[in-house]
Amino acid sequence: MADAVLGGRAAGFSETEAGLRFEVDGEIATITLDRPEKRNAQTFATWSALARIGDNLPEQVRVVVVQGEGPSFSAGIDLRMFTPEGVPGQGSFSSAAAADNDTFDERIARAQQGFTWLRRPEIVSIAAVHGHAIGAGFQLALACDLRIVADDVRFCMKEPALGLVPDLTGTKPLVDLVGTAKAIDICLTARIVGAEEAFRLGLAERVVARTELAQAVQDKIAELLSTNRDAATATKRLLQGARERTLEEQCAAERKEQAARIRALFASG
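Each value, and the rule that gives it
Residues numbered from 1 in each chain as written. Predicted model: local features only at pLDDT ≥ 70, side-chain atom pairs only at ≥ 80, totals over all residues. Heavy atoms only, no water. Helix = DSSP H or I, 4+ residues; strand = E, 2+ residues; numbered from the N terminus. Expected span 1.5 Å × (residues − 1). Contact = heavy atoms within 4.5 Å. Patch = residues over 30% accessible without salt bridge, like charges linked within 9 Å, V, L, I, M, F, W, Y side chains within 5 Å. Areas by Shrake-Rupley, 256 points an atom, 1.4 Å probe, with all protein chains shown as cover. Salt bridge = Lys/Arg side-chain N within 4 Å of Asp/Glu carboxyl O. Pairing = 2+ DSSP bridges. Axes fitted to C-alpha atoms, helices over the stretch in contact; angles between N-to-C directions.

Undergrad: Please explain helix α10 (residues 247–266) as it appears in this structure.
TA: Residues lying three or four places apart along an α-helix face the same way, a consequence of the helix completing one turn every 3.6 residues. Between the first and last C-alpha of α10 there are 28 Å, a value that for 20 residues agrees with the 28 Å anticipated at 1.5 Å per step. Where α10 is buried, its residues contact α9 (229–241).

Undergrad: I'm lost on a nonpolar patch on the surface in this one. Help?
TA: Taken together, the side chains of L79, F82 and L162 define a hydrophobic patch exposed on the protein surface, amounting to about 270 Å² of accessible area. Relative to the elements of secondary structure, L162 occurs in the loop between β7 (154–156) and α5 (171–178).

Undergrad: For this particular structure, what's the right way to read the sheet that holds strand β4 (residues 124–129)?
TA: Through backbone hydrogen bonds, the strands of a sheet pair up, either in parallel or in antiparallel fashion. As summarised here, the arrangement of the six strands in space is β1-β2-β3-β4-β6-β9, forming an open sheet in which the pairing is mixed. Edge positions in the sheet fall to β1 (20–25) and β9 (206–208), since each of these pairs with one other strand and no more. Here the strands of the sheet are splayed against their neighbours by 20° on average, with no regard to which way each runs. As paired elements, β4 and strand β6 (residues 146–150) share four bridges and run parallel to each other. Its bridge partner being in β6, I126 is matched across the sheet by L146.

Next up, the structure:
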């Protein structure tokens with residue numbers, strides 16, 4: 001199978017061709033989904049480009065903002081992927097269906113890497129979400145640590161309605177945030193979740209007017225950068241592992257992290 005079938009060539013695409021802009025300003029990196037004429041629909045190239053950004057993220061970056069250009073955050077999968085012709089240079093789901101199991105698994109795993117790196121302990125990722133965040137767009141928002149949303153946001157997990165499953169790492173954070181029953185309701189009905197419900201369920205940390213979204217994100221960035229970087233990284237590691245640990249295990253993890261911090265701050269010589 002040609003690499004283009006599942007995005008193997010996407011690493012050769014520019015960020016513009018993948019529908020992304022990537023900018024770094026000191027400790028802040030900004031990823032902008034930049035296909036407003038397509039409501040920032042995502043393709044294999046988008047996911048490969050996201051993974052490539054994660055692979056090459058400058059070490060000084062502490063905060064990563066993910067946002068969308070135009071009226072929507074992301075309308076999800078580019079519908080051309082459902083056609084026999086697919087996306088030029090990238091193939092389609094029809095061509096992907098012919099792939100052998102190992103190749104298929106490898107390419108989906110690479111797409112998932114475009115999302116998983118946003119959870120690294122050494123950074124805090126913020127999704128600035130407005131308008132539609134459908135399917136892959138919803139999952140990209142879920143991949144981030146924090147979601148600040150505009151009051152016009154419309155979350156929807158569309159994949160089951162299209163005969164697919166959410167496979168871009170969104171199922172675990174959705175269940176972690178809202179619980180299994182509510183996640184089943186959201187996914188299997190493919191219904192819209194608006195800003196008020198998103199805030200109530202814990203899908204959004206803050207809801208603001210659309211015109212206030214950019215400033216709300218900047219305010220949060222300032223708060224996050226006011227803390228000690230190494231302490232923030234260690235604390236995020238503790239919080240991320242807390243659900244899987246017993247209380248005794250979490251206490252031991254806290255002791256280990258605190259010993260490292262105190263020695264780093266106060267040990268002489």
